[in-house]
Amino acid sequence: MSDKPNDGGVPVPVVPAGATSGAPAELPPASPAGRGMFGNHGTGDVSGYGGLVRQRQPIEETPRPYGGYFDEVRDALEEAYPAFGDAIEKVVVDRGELTLHVRPERIAEVCQVMRDDLALRFELCSSVSGADYLGADERRLHVIYLLTSMTYRRRVRLEAAVSVEAPHLPSVTAVYPTADWQEREAYDMFGIVFDGHPNLTRILMPDDWEGHPQRKDYPLGGVPVEYKGAEIQPPDKRRSYQ
C-alpha cells in the first residue's frame with residue numbers, strides 16, 4: 001500500500017498496481033517467473049536465488065601473446081613435453097589466470113613435467129577440486145588442479161573434463177601427494193574416479209551413501225528443523241514466494 005494526497009492534502013491509501021486478492025507479495029500477472037542458478041524455481045528462497053538467470057559464455061582458446069609469465073610457461077612446457085600438441089586441448093587466459101585444458105588421460109604426465117622440468121618447477125599442487133557443467137558441456141565433470149611454483153613464484157591452473165558415463169582419469173598422487181584427500185573429496189562429491197589412487201573412498205559422506213551431492217542433478221532435499229516450537233521445512237517443501 002502507498003499513499004497519495006487527496007484534494008484536501010491528506011494522504012489516502014492506494015492499492016499498488018498489479019496487486020491482487022490481498023496478496024502484497026504477489027507479482028503482477030504479466031511478470032515472468034525467474035529462473036534459478038540451476039534452472040530451479042519455487043523453492044521458497046527469498047534471497048534472490050530464484051530470480052538468477054545466468055548467461056553461459058563459451059570457453060575459447062586465447063590468442064598469443066598472453067602477457068606476463070604465461071607465454072614463458074607455455075613455451076617451457078611445449079619444449080619439455082613432446083606430446084604437448086596431443087595432450088593440451090586449449091590454453092585460456094581469463095581473469096588473470098592461465099588455464100591449460102588437458103586431455104584427462106594425459107593429466108598425470110603433464111603434472112610430472114610441470115613439477116620436474118627446471119624451467120617450470122611447479123612443486124606444489126595446492127588444490128584439486130571438481131565442477132559440474134550440467135547442460136553446458138557433454139563432458140560435464142571437470143577437475144581443476146591449482147599448481148604453484150615456489151621457485152619462480154608462479155601459479156597455473158590445469159583442467160581436465162570427463163563424462164558422467166566414463167568419469168575416469170589418472171590419479172596424480174604419485175606426483176603430488178597433497179592430492180590424496182582432495183581427489184577423494186572430488187570422488188565423493190562428484191563421482192569422478194581417479195585411477196591409481198591408493199585409497200579412493202568417500203571422505204565426507206558415509207561409505208554407503210548413494211549418489212554424489214555436488215552434481216547439479218542431485219535431488220534437492222533437507223531435514224526439517226525445529227526452532228522454538230516452529231518447524232522449518234527443507235527448501236523443496238516450503239511455500240513459493242515471488
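Residues numbered from 1 in each chain as written. Predicted model: local features only at pLDDT ≥ 70, side-chain atom pairs only at ≥ 80, totals over all residues. Heavy atoms only, no water.

An unreviewed UniProt entry lists the protein under the name NADH-quinone oxidoreductase subunit C, with Micromonospora arborensis given as the organism. Under Sequence similarities (unreviewed entry), UniProt gives the following word-for-word description of the protein: "Belongs to the complex I 30 kDa subunit family." (UniProt positions renumbered as here; feature names shortened; annotations may be inferred.)

K.L.:
How would you explain the overall build of the protein if you had to name every residue and give the values?
P.N.:
Tallying secondary structure elements over the protein gives 4 helices and 11 strands in all. Pairs at least 24 residues apart make up 47% of the contacts formed inside the protein by residues separated by at least 6 positions. (Helix = DSSP H or I, 4+ residues; strand = E, 2+ residues; numbered from the N terminus. Contact = heavy atoms within 4.5 Å.)

K.L.:
So what about the nonpolar core? Which residues, and what values?
P.N.:
Core analysis: the largest hydrophobic core is formed by 41 residues, its most contacted members being Leu77, Val110, Met114, Tyr145, Leu147, Leu158 and Leu169. At 5 residues, helix H3 (residues 107-116) tops the list of elements feeding residues into this core. In this structure, Leu158 is in contact with Leu100, Val102, Ile107, Val110, Cys111, Val143, Ile144, Tyr145 and Leu147, ignoring residues within four places of it in sequence. (Core = buried A, V, L, I, M, F, W, Y, C linked by side-chain atoms within 4.5 Å. Buried < 20%, exposed > 50% of the residue type's maximum accessible area, 1.4 Å probe, protein only.)

K.L.:
Residue-level account of helix H1 (residues 70-80), with values.
P.N.:
Residues separated by three or four positions in an α-helix point in the same direction, a consequence of the helix having 3.6 residues per turn. Listing the buried residues of H1 in full gives Phe70, Asp71, Val73, Arg74, Ala76 and Leu77. Contact partners of the buried residues in H1: helix H2 (84-87), strand S3 (88-94), strand S4 (97-102), H3 and strand S7 (154-162).

K.L.:
Report on the confidence of the model for the protein, specifying residues and quantitative values.
P.N.:
On average, residues of the protein carry a pLDDT of 83, and 72% of them reach 70 or more. Across residues 15-38 the pLDDT falls below 50, and counting only partners more than four positions away or on other chains, this stretch makes 27 contacts in the model. (pLDDT = per-residue confidence, 0-100.)

K.L.:
I'd like to hear about the side chain of Asp188, residue by residue, with values.
P.N.:
Here Asp188 shows up in helix H4 (residues 179-190). Within the structure, Asp188 has its side chain in polar contact with the side chain of Arg202 (distance 2.4 Å). With residues near it in sequence (within four places) discarded, Asp188 still touches Arg202, Ile203, Leu204, Met205, Gly211, His212 and Pro213. (Polar contact = N/O pair within 3.5 Å; in protein donor to acceptor, adjacent residues only side chain to side chain.)

K.L.:
Can you break down the packing of H1 against H3 residue by residue, with the values?
P.N.:
In the contact formed by H1 and H3, the axes pass within 10 Å of each other and the chain directions differ by 110 degrees. When the interaxial angle is binned, H1 and H3 end up roughly perpendicular. Relative to H3, H1 is oriented so that their crossing is right-handed. In this structure, H1 contributes Val73, Leu77 and Ala80 to the contact, and H3 contributes Val110, Val113 and Met114. Looking at the contact of H1 with H3, its residues break down into 6 nonpolar, no polar and no charged. (Axes fitted to C-alpha atoms, helices over the stretch in contact; angles between N-to-C directions. Parallel < 35°, antiparallel > 145°, perpendicular 65-115°, else oblique. Left-handed = near helix turned anticlockwise from the far one by under 90°. Nonpolar A, V, L, I, M, F, W, Y, C, P; charged D, E, K, R; others polar.)

K.L.:
Let's hear about the sheet that holds S4: which residues, and what values?
P.N.:
A sheet is described by the order of its strands in space; here 5 strands give the open sequence S3-S4-S7-S6-S5, paired in mixed fashion. At either margin of the open sheet sits one strand with a lone partner, and together these are S3 and strand S5 (124-132). Averaged over all pairs of adjacent strands, the angle between their axes in this sheet comes to 20 degrees, without regard to strand direction. The strands touched by H3 are S3, S4, strand S6 (141-149) and S7; relative to S7, the strand with the most contacts, the crossing angle is about 170 degrees. (Pairing = 2+ DSSP bridges.)

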